[in-house]
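Descriptive structure summary
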Amino acid sequence: MKRKILLLLVALPLAAMAQIKIGYLSYEKVLRQMPEHAQAEQWLENLKAQYTQEAQRGDEEFQRKFAEFLQGQKDFPQNIMLKRQAELQSLMDNGIKFRQEAEQLVEKARKEMMAEVRAKLNVAIEAVGIAGGYACVLNTDGDAAPFLNPALSHDVTNEVLARLGIGQAAASVSPAQQ
């Protein structure tokens, strides 16, 4: 009797595991194939270019005023010299502050835009997971899953891409190849 119970305790989890299906994909690989990702990256590059252009305008103003300062510093009374030095310091500080703020604003915009794209991808992954009867869908990025038994798992990349309306991806890539 004890032997039968022990066998049953061992066999039940094994039988349950045999029915579990696991899906996997490279999240970043799919994300980069989304048109929304490319659009967001292009918009962010344009935003970054605008900030860079404005920063360069500030740099040019600083350089012009610095050249004027160097040319006239011999002739300036002490008060004007101090005023011009303070003005140059202020321009330099403002330029540094602007560049830091611009980086923060671009990063904030990136996070907000990519959150929308990631949300869309997550919905597609969830739909594929439910439709395929998967217990979970693993992200293989960063060697998070160095081995997935091919008999118990399936690459769902093409299904997710199809759910997103993106043409069929190239042949499935196993996690070991990613």
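It is worth spelling out the layout of surface pockets at this point. The volume enclosed by the largest pocket comes to roughly 220 Å³. Secondary-structure elements contributing two or more residues to the lining of the largest pocket are α3 (35-72) and α4 (78-132). Of the residues contributing to the lining of the largest pocket, the split by class is six nonpolar, three polar and five charged.

Turning our eyes to something else, we now look at the nonpolar core. Generally speaking, nonpolar side chains in soluble globular proteins are found buried as a group. Among the nonpolar cores identified, the biggest contains 18 residues, and Met34, Leu121, Val160 and Leu164 are the most heavily contacted of them. Elements supplying a minimum of two residues to this core: α2 (27-33), α4 and α5 (157-163). Ranked by residue count, the leading element in this core is α4, at six residues. Not counting chain neighbours up to four residues away, the residues in contact with Leu121 comprise Tyr27, Val30, Leu31, Met34, Val160 and Leu164.

Over its 55 residues, α4 runs 79 Å from end to end, which matches the ideal 81 Å to within 8%, given 1.5 Å per residue. Looking one or two residues past α4, Gly133 carries a phi angle of roughly 70°, positive in sign.

Between its first and last C-alpha, α3 extends 56 Å over 38 residues, near the 56 Å set by a 1.5 Å rise per residue. When we look at burial in α3, the residues that qualify are His37, Ala40, Leu44, Leu47, Ala55, Phe69 and Gly72. Looking at the buried side of α3, the elements it contacts are α2 and α4.

Turning our eyes to something else, we now look at the pattern of salt bridges. Between side chains of opposite charge, a pair can form as their charged atoms come close. Applying the stated criterion across every chain yields a total of eight salt bridges. Across the pair Arg99 and Asp59 runs a salt bridge whose closest N-O atoms are separated by 2.4 Å. Of this pair, Arg99 sits in helix α4 while Asp59 is found in helix α3, placing the two residues 40 residues apart along the sequence. Note on Arg99: relative accessible area 36%, which makes it partly exposed. Look at Asp59 and you get partly exposed, because its relative accessible area is 29%. The network of salt bridges with common partners includes Glu41, Glu107 and Arg110.

Moving on, we come to the sheet that holds strand β3 (residues 153-155). With respect to topology, three strands assemble into an open sheet ordered β2-β1-β3, the strand pairing being parallel. In the strand order of this sheet, the two ends are held by β2 (136-139) and β3, each with one partner. When strand polarity is set aside, the average angle formed by the axes of neighbouring strands in this sheet is 30°. In this sheet, β2 lies alongside strand β1 (residues 22-25) in parallel orientation, the contact comprising four bridges. Counted as the bridge partner of Leu25 is Asn139 from β2.

Of note, Ile96 is situated in helix α4. Taking C-alpha positions, Ile96 is 9.9 Å from Gly58, a pair spaced 38 residues apart along the chain.

Mapped onto the secondary structure, Asp155 falls in strand β3. Summary of buried charges: Asp155 has no salt-bridge partner, and the nearest side chain of opposite charge, Lys29, is 6.2 Å away. Engagement of the side chain of Asp155 in a polar contact is seen with the side chain of Thr157, the distance being 2.6 Å.

Per the counting criterion, the structure on display carries four aromatic pairs. Seen in terms of ring centroids, Phe62 and Phe66 are 6.0 Å apart; in terms of plane orientation they differ by 10°. Their pairing is stacked. Here Phe62 and its partner Phe66 are both found in helix α3, four residues apart, which amounts to about one turn of the helix. Seen in terms of ring centroids, Phe66 and Phe69 are 6.5 Å apart; in terms of plane orientation they differ by 25°. Their pairing is stacked. Separated by three residues within a single helix, Phe66 and Phe69 lie in helix α3, roughly one turn from each other. In this structure Phe69 comes out as buried when scored by relative accessible area, which is 6%. Three or more aromatic residues joined by ring pairs form one cluster here, namely Phe62, Phe66, Phe69 and Phe76. Over the ring of Tyr134 we find Lys21, and its NZ or CZ is 4.9 Å from the ring centre.

Calculation criteria
Residues numbered from 1 in each chain as written. Predicted model: local features only at pLDDT ≥ 70, side-chain atom pairs only at ≥ 80, totals over all residues. Heavy atoms only, no water. 1 Å grid on protein atoms, 1.4 Å probe; cavity = no way out; pocket = protein on both sides within 12 Å on 5 of 7 lines; lining within 4 Å. Points joined across faces, edges and corners; volume = space filled by probe spheres on them. Helix = DSSP H or I, 4+ residues; strand = E, 2+ residues; numbered from the N terminus. Nonpolar A, V, L, I, M, F, W, Y, C, P; charged D, E, K, R; others polar. Core = buried A, V, L, I, M, F, W, Y, C linked by side-chain atoms within 4.5 Å. Buried < 20%, exposed > 50% of the residue type's maximum accessible area, 1.4 Å probe, protein only. Contact = heavy atoms within 4.5 Å. Expected span 1.5 Å × (residues − 1). Salt bridge = Lys/Arg side-chain N within 4 Å of Asp/Glu carboxyl O. Pairing = 2+ DSSP bridges. Axes fitted to C-alpha atoms, helices over the stretch in contact; angles between N-to-C directions. Lys, Arg positive; Asp, Glu negative; His and termini not counted. Polar contact = N/O pair within 3.5 Å; in protein donor to acceptor, adjacent residues only side chain to side chain. Phe/Tyr/Trp six-rings, centres within 6.5 Å; stacked < 30°, edge-to-face > 60°. Lys NZ or Arg CZ within 6 Å of the ring centre and 35° of its normal.

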